[in-house]
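Residue strings, one per chain:
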Amino acid sequence: MDLPRNGFKHALAAGKAQFGVWLMSGAPSTAEAMGSVGYDFVVVDMEHVPVDTPQAIELLRAVAGTPASPVTRVPWNDAVMVKRALDAGAQTLMFPFVQDEREAARAVAATRYPPEGIRGAAGTHRASRYGTIPDYFKIAARELCVIVQVETLQAVDRLAAIAAVPGVDTVFV
């Protein structure tokens, strides 16, 4: 089986403007409906919506059946939560409240397997299509997209340095 293509990441890389919507619900039917009405992406919010990992899997499945791409906003820049979201199948992660380049680098590291990062390895999970994607640990980062959120004046002052961190694909202000 092949690594799923991240349409959101490829559209950004091609310079195509992306229009999306914020999902403030844990209901898969709502996620599916929002993904079906013409948006390029749907943000599955795990920060301000009480969505846990099993619920996120259902929301990701619902959006996957639509033309939209899912963007998963993790609750915090926490390597364990990031690992769970990635293992659940998220390919585009949004990191809230990134203040400086050190925090941006920590976010990227959490999405990468060693030696490039600190993501822990599991042999079979949803993201690896339960172990059926050859060389998953070597190629997983190819389709990952890292979005960092700049939410304070302090972070805006550090914007250029944050955006320059290798592995940061885009910044959400």
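Reference entry: report on the structure contained in this document. None of these values were measured; they are calculated from a predicted model.

What counts as what
Residues numbered from 1 in each chain as written. Predicted model: local features only at pLDDT ≥ 70, side-chain atom pairs only at ≥ 80, totals over all residues. Heavy atoms only, no water. Pairing = 2+ DSSP bridges. Helix = DSSP H or I, 4+ residues; strand = E, 2+ residues; numbered from the N terminus. Axes fitted to C-alpha atoms, helices over the stretch in contact; angles between N-to-C directions. Contact = heavy atoms within 4.5 Å. Buried < 20%, exposed > 50% of the residue type's maximum accessible area, 1.4 Å probe, protein only. Polar contact = N/O pair within 3.5 Å; in protein donor to acceptor, adjacent residues only side chain to side chain.

## Some thoughts on the sheet that holds strand β1 (residues 20-23)
- In spatial order, the strands read β1-β2-β3-β4-β5-β6; together these six strands make up an open sheet with parallel pairing. Because the sheet does not close on itself, it has two edges, and the strands there are β1 and β6 (170-172). For this sheet the average axis-to-axis angle between neighbouring strands, irrespective of direction, equals 25°.
- Set on the sheet, helix α3 (residues 53-64) makes contact with β1, β2 (41-45) and β3 (69-73); between it and β3 the angle comes to about 155°.

## Some remarks on unusual backbone geometry
- In this structure, the amide linkage connecting P114 to the following residue, P115, adopts the cis form with an omega of 10°.
- Relative to the assigned elements, P115 resides in the loop between α5 (101-110) and α6 (136-139).
- Look at Y130: it is not a glycine, yet its phi comes out positive at around 60°.
- Along the chain, Y130 turns up in the loop between α5 and α6.
- Positioned with a positive phi, D135 is a non-glycine residue whose angle comes to about 60°.
- For D135, the position within the fold is in the loop between α5 and α6.

## Examining α5
- Residues of α5 that are buried: E103, A104, A107, V108, A109 and A110.
- Where α5 is buried, its residues touch α4 (79-87), β4 (92-95), β5 (145-149) and α8 (159-163).
- Capping the start of α5 is the job of one residue whose side-chain oxygen sits 3.1 Å from the backbone nitrogen of R102: D100.

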